[in-house]
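Here's the letter readout for the chains.
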Amino acid sequence: MKVKVQTLDANAGGDIELKDEIFGLEPRADILHRVVTWQLEKRRATARGTRERSDVARTGKKFGRQKGGGTARHGDRRAPVFIGGGKAHGARVRDFNPSLNKKIRVLGLKMALSSHAKAGSLIVLDTLSGEKTKSLKGQFEKLGFGKSALVIDGETVENGFALAARNLPYVDVLPALGANVYDILKHDTLVLTRAAVEKLEARFNG
């Protein structure tokens, strides 16, 4: 598909040909849901377990006689009723490390890009440049950004643009290597530079 390239000043910057096998797929909700769920679960750290009765380092010797001591009949000091004893019904160690086929992950990213291209919320810019947040905000309004926008650049994000955009709460900036399904779907508008398109296409071809 052919898309018009714009500049930050909303001027025409020529055309660019986007590959249909990356930007022209029909999005599937089940594939996108699987990839987003996998991505969010990968963020979770291992849940720490508590020490139960068998894990506490205390003596197992019976500390008092069975009868006549005036106390309950405990077997050792590791019981949960004592200070320093094991936790009763404590939390278990849980490791959130799901697996997902690489082909599904790649397909999900392609469908996320295609969903913005199909909805008309994909903007391709020539290059990124910026000095002040106020002027950058005005340029975004001219380009017709939605309530939130994700801007993806090439190898690295242009430093001046990144500094100017970080004060805008509705704009997030990523290099092409950090493009992911969750962030792409979370934003109303997807903005790619020429360099980002080249990097993404090379990433899929590789």
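Residues numbered from 1 in each chain as written. Predicted model: local features only at pLDDT ≥ 70, side-chain atom pairs only at ≥ 80, totals over all residues. Heavy atoms only, no water.

The chain appears in an unreviewed UniProt entry as Large ribosomal subunit protein uL4 from Sphingomonas rustica. Of the chain, the UniProt comment under Subunit (unreviewed entry) reads exactly: "Part of the 50S ribosomal subunit." For the record of the chain, the UniProt heading Sequence similarities (unreviewed entry) holds the text "Belongs to the universal ribosomal protein uL4 family." (UniProt positions renumbered as here; feature names shortened; annotations may be inferred.)

(A) Quick look at unusual backbone geometry. In this model, His-89 sits at a positive phi of 55 degrees, which is unusual for a non-glycine residue. With respect to the element layout, His-89 can be found in the loop between α2 (29-43) and α3 (102-119). (Helix = DSSP H or I, 4+ residues; strand = E, 2+ residues; numbered from the N terminus.)

(B) Seen up close, the packing of aromatic side chains. Tallied over the full model, the rule gives two aromatic pairs. An angle of 80 degrees between the planes, with centres 5.7 Å apart, marks the rings of Phe-63 and Phe-82 as edge-to-face. Within this pair, whereas Phe-63 is found in the loop between α2 and α3, its partner Phe-82 is found in the loop between α2 and α3, the two being separated by 19 residues in sequence. In this structure Phe-63 comes out as partly exposed when scored by relative accessible area, which is 36%. With centroids separated by 6.1 Å and ring planes inclined at 65 degrees, the aromatic side chains of Phe-140 and Phe-161 adopt a geometry described as edge-to-face. Of this pair, Phe-140 sits in helix α4 (residues 133-143) while Phe-161 sits in helix α5 (residues 159-165), placing them 21 residues apart in sequence. Since its relative accessible area comes to 2%, Phe-140 is described here as buried. One Lys or Arg, Arg-77, reaches over the ring of Phe-63 and ends 4.2 Å from the middle of that ring. One residue, Arg-77, lies across the ring of Phe-82, its end atom 4.7 Å from the ring centre. (Phe/Tyr/Trp six-rings, centres within 6.5 Å; stacked < 30°, edge-to-face > 60°. Buried < 20%, exposed > 50% of the residue type's maximum accessible area, 1.4 Å probe, protein only. Lys NZ or Arg CZ within 6 Å of the ring centre and 35° of its normal.)

(C) Inspection of the pattern of salt bridges at higher detail. Considering all chains together, one arrives at eight salt bridges under this definition. Two residues, Asp-76 and Arg-78, come together in a salt bridge whose shortest N-O distance is 3.6 Å. The partner of Asp-126 in a salt bridge is Arg-194, with the nearest N and O atoms 3.1 Å apart. Here Asp-126 is found in the loop between β3 (122-125) and α4, whereas its partner Arg-194 is found in helix α7 (residues 194-205), with 68 residues between them in sequence. For Asp-126, a relative accessible area of 30% corresponds to the partly exposed category. (Salt bridge = Lys/Arg side-chain N within 4 Å of Asp/Glu carboxyl O.)

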